[in-house]
Amino acid sequence: MAQIIDGKAAAGRIRDLVKDDVDKFRSVTHRTVGLATVLVGDDPASEVYVTSKRRLSRQAGIEDHHRRLSADAGQDEVAAVIDELAEDDAVSGILLQLPLPKHLDSKALIDRIPWQKDVDGLTTTSAGLLARNAPGLRPCTPLGILALLRAEGIDLSGVSAVVVGRSELVGKPLAQLLLQQNATVTVTHSRTRDLATVTRTADIVIAAAGIPHLIGAEHVKAGAIVIDVGIHRSANGLIGDVDFEAVSPITSRITPVPGGVGPMTIAELLRNTIQAAKIQT
Ligand code: NAP
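All values derive from a computational prediction rather than experimental measurement. (Residues numbered from 1 in each chain as written. Predicted model: local features only at pLDDT ≥ 70, side-chain atom pairs only at ≥ 80, totals over all residues. Heavy atoms only, no water.)

Turning next to the domain arrangement of the protein. Along its sequence, the protein is carved into domain 1 (31–115) and domain 2 (140–262). In this structure, domain 1 and domain 2 have C-alpha centres spaced 28 Å apart. (Domains from an automatic or database assignment.)

This is the structure:
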């Protein structure tokens with residue numbers, strides 16, 4: 001029977017470390033650590049995410065600099081808020097909650113965030129630093145997946161990892177981080193032919209396609225490790241990109257949804273925020 005990877009517990013341990021680190025930073029530098037979450041509009045899922053990011057950062061001793069804009073806020077209005085936060089020394093990190101309303105140019109707004117405050121690791125500069133393996137802030141979900149694998153004592157060197165999805169947020173940066181850990185990485189996407197044949201070669205399958213239950217028993221070889229990034233609301237509560245019931249008996253270890261990658265993403269956001277504060281001093 002598969003071992004369930006407990007993301008909730010691992011995330012709690014990271015948040016405790018961040019809290020200690022924030023306390024130490026404050027006593028050594030006499031400066032506070034602050035996170036600015038910027039929420040535009042009233043998307044209910046985004047509200048839930050921002051609320052828990054703010055709550056958990058406050059618990060870790062990080063100051064809350066939340067900004068709320070209406071759904072019809074213009075490009076210039078959002079840009080002005082980001083510019084103001086970029087100038088504010090009390091703000092260590094800026095998080096622009098995505099997705100933004102459709103009339104806004106997300107990429108242009110993300111790129112207004114200085115890389116030193118880019119706690120989501122999504123600016124063009126942060127992506128370049130990642131590609132070069134240079135110091136910088138990395139996207140939180142890929143960081144959380146690597147931290148989970150590390151917590152499980154999994155040595156990535158030489159293992160075959162198949163990433164399902166190539167988004168800027170998850171798949172692409174994750175593939176780069178895995179490569180930097182010397183995994184042999186294959187990235188699949190919507191045009192991949194015969195996905196199951198590819199994923200069945202993997203020691204580790206990481207599903208980030210945004211399609212409920214895309215990964216079934218036929219996609220996984222016996223004994224593989226399966227990491228499920230997907231989050232979908234269904235009649236039975238939250239479900240992932242992996243059909244947990246069908247896949248878990250085949251695997252050696254698997255993350256649940258909820259309680260797997262999700263809590264790790266927020267824990268890594270907090271870790272990026274203290275990291276950003278250190279970069280700025
Ligand atoms: P996204 O931007 O929609 O990207 C999805 C990726 O999956 C695309 O690259 C797409 O390929 C690929 N894809 C689509 N259908 C596929 C198929 N049949 N086979 C293989 N690849 C396929 O999504 P995202 O932002 O990366 O998020 C993915 C999922 O993770 C979502 O469910 C999201 O809610 C969840 N998520 C969870 C967390 C967390 O903390 N747990 C964080 C972020 C996201 P193309 O490039 O060819 O279109």
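Read on for the rest.
Attention shifts here to the pattern of salt bridges. Tallying each qualifying case throughout the model produces twelve salt bridges. Between D23 and R26 there is a salt bridge, with the nearest N and O atoms lying 3.0 Å from each other. Placement of both D23 and R26 in helix α1 (residues 7–29) is noted, with a separation of three residues, approximately one turn of the helix. D23 gets classed as partly exposed once you look at its relative accessible area, which sits at 31%. Salt bridges sharing common partners tie together K19, D23 and R26. (Salt bridge = Lys/Arg side-chain N within 4 Å of Asp/Glu carboxyl O. Helix = DSSP H or I, 4+ residues; strand = E, 2+ residues; numbered from the N terminus. Buried < 20%, exposed > 50% of the residue type's maximum accessible area, 1.4 Å probe, protein only.)

As a further point, take the sheet that holds strand β9 (residues 225–228). Here we have six strands laid out as an open sheet, ordered β1-β12-β9-β8-β6-β7, and parallel in their pairing. Of all the strands in the sheet, the pair left with one neighbour each is β1 (3–4) and β7 (184–188). Relative to strand β12 (residues 253–254), β9 is paired through two bridges, and the arrangement is parallel. Counted as the bridge partner of I225 is R253 from β12. (Pairing = 2+ DSSP bridges.)

On to the site of the ligand. The immediate surroundings of the ligand are formed by 22 residues, with R166, S167, S190, V229 and T265 found nearest. Between V229 and the ligand, the recorded distance is 3.3 Å, taken from a backbone N or O atom to a nitrogen atom. Contact between the ligand and I231: an oxygen atom at 3.3 Å from a main-chain N or O atom of the residue. The element contributing the most residues to the shell around the ligand is helix α10 (residues 261–280), with three residues. A class-by-class count of the residues in the shell around the ligand yields eleven nonpolar, ten polar and one charged. (Near = heavy atom within 4 Å. Polar contact = N/O pair within 3.5 Å; in protein donor to acceptor, adjacent residues only side chain to side chain. Nonpolar A, V, L, I, M, F, W, Y, C, P; charged D, E, K, R; others polar.)

Time to look at the nonpolar core. Grouped together as the largest cluster of nonpolar side chains are 48 residues, with contacts concentrated most on L156, L178, I204 and I227. Elements that contribute at least two residues to this core include exactly α1, α6 (140–151), β6 (160–164), α7 (171–180), β8 (204–207), β9 and α10. In terms of residue count, the dominant contributor to this core is α10 (nine residues). No fewer than three residues from each of domain 1 (31–115) and domain 2 (140–262) sit in this core. Each residue touching L178, except ones within four places of it in the same chain, is listed here: L146, L156, A161, V163, A183, V185 and I206. (Core = buried A, V, L, I, M, F, W, Y, C linked by side-chain atoms within 4.5 Å. Contact = heavy atoms within 4.5 Å.)

We now examine the side chain of S248. Here S248 lies in the loop between α9 (244–247) and β12. With sequence-adjacent residues up to four places away left out, S248 is seen in contact with M1, A2 and I254.

Turning to the packing of helix α2 (residues 44–59) against α10, a few remarks are in order. In contact at an axis separation of 10 Å, α2 and α10 are set at 55° when each is read in the N-to-C sense. On the basis of their axis angle, the class for α2 and α10 is oblique. As for how α2 packs across α10, the hand of that crossing is right-handed. For the pair α2 and α10, the contacting residues are S52, K53, L56 and S57 in the first and I266, L269 and L270 in the second. (Axes fitted to C-alpha atoms, helices over the stretch in contact; angles between N-to-C directions. Parallel < 35°, antiparallel > 145°, perpendicular 65-115°, else oblique. Left-handed = near helix turned anticlockwise from the far one by under 90°.)

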